[in-house]
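Below are the chains, spelled out letter by letter.
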Amino acid sequence: MTHDWKAALAALQGDLPAGADADSATDNDSAASGPSGSGAAASARTLRLFYEKKGRAGKPATIIEGFDPADDTEALATARTLKQRIGCGGSARGGEILLQGDRRQQAASLLREMGYNVKGA
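Residues numbered from 1 in each chain as written. Predicted model: local features only at pLDDT ≥ 70, side-chain atom pairs only at ≥ 80, totals over all residues. Heavy atoms only, no water.

Draft legend 1. Summary view of the overall build of the protein chain. For the protein chain, the count of helices and strands is six helices and five strands. Each helix and strand of the protein chain, ordered N terminal to C terminal, gives the series α-α-α-α-β-β-α-β-β-α-β. The buried share among the 121 residues of the protein chain stands at 29%. Sequence separation of 24 or more characterises 48% of the internal contacts of the protein chain that already satisfy a separation of 6 or more. Element-wise, carbon and sulfur atoms account for 49% of the exposed surface of the protein chain, whose accessible area totals about 7500 Å². (Helix = DSSP H or I, 4+ residues; strand = E, 2+ residues; numbered from the N terminus. Buried < 20%, exposed > 50% of the residue type's maximum accessible area, 1.4 Å probe, protein only. Contact = heavy atoms within 4.5 Å. Areas by Shrake-Rupley, 256 points an atom, 1.4 Å probe, with all protein chains shown as cover.)

Draft legend 2. Molecular detail of the sheet that holds strand E4 (residues 96-100). Pairing in this open sheet of five strands is mixed, and the strands run E3-E4-E2-E1-E5 from one edge to the other. Strand pairing shows two members of the sheet lacking a second neighbour, strand E3 (90-93) and strand E5 (117-119), which therefore form its edges. Averaged over neighbouring strand pairs, the angle between their axes works out to 20 degrees when direction is ignored. With five bridges connecting them, strand E1 (residues 46-52) and strand E2 (residues 61-65) associate as antiparallel partners. By the bridge assignment, Leu49 is partnered in E2 with Ile64. The strands touched by helix H6 (residues 104-113) within the sheet are E1, E2, E4 and E5, with E1 carrying the most contacts at an inclination of about 170 degrees. (Pairing = 2+ DSSP bridges. Axes fitted to C-alpha atoms, helices over the stretch in contact; angles between N-to-C directions.)

Draft legend 3. Geometry of the nonpolar core. Grouped together as the largest cluster of nonpolar side chains are 19 residues, with contacts concentrated most on Ile64, Phe67, Leu82, Ile97, Leu99 and Leu111. When contributions to this core are tallied by element, the ones reaching two or more residues are E1, helix H5 (73-86), E4 and H6. Leave out the neighbours within four places in its chain, and Leu82 touches Ile64, Gly87, Ile97, Leu99, Ala107, Leu110 and Leu111. (Core = buried A, V, L, I, M, F, W, Y, C linked by side-chain atoms within 4.5 Å.)

Draft legend 4. Focus on the pairing of E1. Where E1 meets E5, three bridges bridge the pair, whose relative direction is parallel. Looking at the pairing, Thr46 lines up with Asn117 of E5.

Draft legend 5. Representation of the pattern of salt bridges within the structure. Tallied over the entire structure, the rule returns five salt bridges. Salt-bridge contacts for Glu113 lead to Arg85; the nearest nitrogen and oxygen are separated by 3.1 Å. Here Glu113 is found in helix H6, whereas its partner Arg85 is found in helix H5, with 28 residues between them in sequence. Just as Glu113 is exposed, Arg85 falls in that class too. (Salt bridge = Lys/Arg side-chain N within 4 Å of Asp/Glu carboxyl O.)

Spelled out as C-alpha cells, the structure:
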C-alpha cells in the first residue's frame with residue numbers, strides 16, 4: 001500500500017516498473033489515458049495556435065483553440081499538462097486554452113508530442 005502512489009505516477013507517465021501490471025497501477029483508468037492516451041481522438045483533432053495582446057491590457061497570451069466547447073475535460077487536461085511542462089500560468093474554458101506569455105513554439109512542440117495536429121505555430 002505504501003508504494004501505490006508511485007505505481008500510479010509511473011502509469012500516468014507511461015513507464016510502469018518491471019513488476020507492476022497496468023490494471024493494478026491505478027484505480028482511475030480514465031486519468032491514466034488522459035489527452036495523450038487517446039491517440040485516435042488526439043491525432044484527428046487539429047488545433048489552431050496564435051499570439052494575442054489586444055484586450056488584455058497589453059499582456060501577451062498564447063491562445064490554442066479547436067477543442068470541443070461543450071465538453072472542457074480534454075481542454076482542461078491538456079492545459080494542465082502544458083502549464084506544468086512549460087512552466088507558465090493559464091486557463092482553459094469554452095474550447096480554448098490560454099497560456100500566459102508568448103509560448104507558441106513550446107506549446108506547438110508539446111502538442112505535437114501529445115498527438116495533435118497544430119496550425120499557426
